[in-house]
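# Structural overview
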Amino acid sequence: MSASKRNGSLSAYRDQQFQGSMKEQEDKLRASTTLYVGNLSFFTTEDQIHHLFSKSGDVKRCIIGLDRFTKTPCGFCFVEYYRRADAEDALRYVNGTRLDERVIRCDWDAGFIEGRQYGRGKSGGQVRDEFRTDYDGGRGGFGKMIQNRMERIQAGDFAMAGGTNQRRSFGKRKWEERNDSESQEGEDVDKTTDLRLKLRKMRGENGEEVSAPEQEGMAAEDNGEGAFSQVARESGPAAEASNTQPAGASSKVHDSSEKAALMEDSMAERAAVSEEDAEDNVVGQLAGQMADQDKQMDWS
């Protein structure tokens, strides 16, 4: 095959973070002696890569791609030759072959610069390993998103994994918040009534005119009847009318509130159990895929 044929047209591979225009990158690709190599196993060593690619010519250097945080191999590398022709031969004969039981992929690269050896994924590795849904034992198992999800489930952190604890306690929390709100309202009534009675008493001590209802309020306070007795007395006919309700009316209202709260708790509990079952199914499916993959690796 002629040199012009081997040069051929460039593939669609481009470095998205190349510092320059698209034309400048293409010009460098056409004159480059560097290859990008992908789909490597995390366990493949630099010596293995050097041994394979040196079969097409003298290798100048080999740069292993590393996880940005752990500084461990993350499945790619750069191979630089001394001559363009040797790189062309590697692209022709090595691309698509197997290394560590994996089909490796080679393509032209515009040239290695410091910093490009680190993965660009959120977790530190390659972006492709963030979103993989299949199990790949040579590349750390499942993708990072699924791994993080499984770790949260195994640790019992259901609030982070899906919010089941929050759903389970929703009804109970809502009931407690409602009771707290009612208690606060009662305390506010007590404080307002006490201040009003104190004001009336001060006016009486200063010789100011105090109305008959106010005098009764001060007398009630001195007799220790408390704020709620005074409020009930001042409410007049409306309070008396409300007090004529059947004895069981208030208990019925309380019972209905308790029933509503219990229904909310029951619905939240059922929703939580349903979600836990769904999560168990997901974990079971993932575990099955891992077992099948291990069997395939054993047979190979």
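Residues numbered from 1 in each chain as written. Predicted model: local features only at pLDDT ≥ 70, side-chain atom pairs only at ≥ 80, totals over all residues. Heavy atoms only, no water.

The name recorded for the protein chain in an unreviewed UniProt entry is Nuclear cap-binding protein subunit 2, from Ramazzottius varieornatus.

### As for the pattern of salt bridges
Put simply, the rule is: Throughout this description, the term salt bridge denotes a Lys or Arg side-chain nitrogen within 4 Å of a carboxyl oxygen of Asp or Glu. Put simply, DSSP marks the helices as runs of H or I at least four residues long and the strands as runs of E at least two long, and each gets a number from the N terminus on. Relative accessibility thresholds used throughout: buried, under 20% of the residue-type maximum; exposed, over 50%; partly exposed, between the two (1.4 Å probe, protein chains only).
Tallied over the full model, the rule gives 13 salt bridges. A salt bridge links E80 to R61; the shortest N-O distance between them is 2.7 Å. In this pair, E80 sits in strand β3 (residues 73-81) while R61 sits in strand β2 (residues 59-66), placing the two residues 19 residues apart along the sequence. Taking relative accessible area as the criterion, E80 reaches 13% and is therefore assigned buried. Given the relative accessible area of 37%, R61 is considered partly exposed. One salt bridge in this structure joins D109 and R116, with 2.8 Å as the shortest N-O distance. Put simply, D15, D109, R116 and R120 are held in one network by salt bridges that share partners.

### Brief notes about the sheet that holds strand β1 (residues 34-38)
Just so we agree on the cut-off: Pairing between strands requires that DSSP locate at least two bridges from one strand to the other. Whenever a helix is involved, its axis is fitted only over the stretch in contact; in every case the axis is a line through C-alpha atoms, and angles between N-to-C directions fall within 0 to 180 degrees. The contact criterion used is simple: two residues touch if any of their non-hydrogen atoms lie within 4.5 Å.
Spatially, β2-β3-β1-β6 is the arrangement adopted by the four strands of the open sheet, whose pairing is antiparallel. The open sheet is flanked by β2 and β6 (105-109), the only strands paired with a single partner. When strand polarity is set aside, the average angle formed by the axes of neighbouring strands in this sheet is 25°. Note that β1 and β3 share four bridges and pair antiparallel. The partner of V37 across the bridge, within β3, is C77. Along the sheet, helix α3 (residues 46-53) makes contact with β1, β2, β3 and β6, crossing β2 at roughly 140°.

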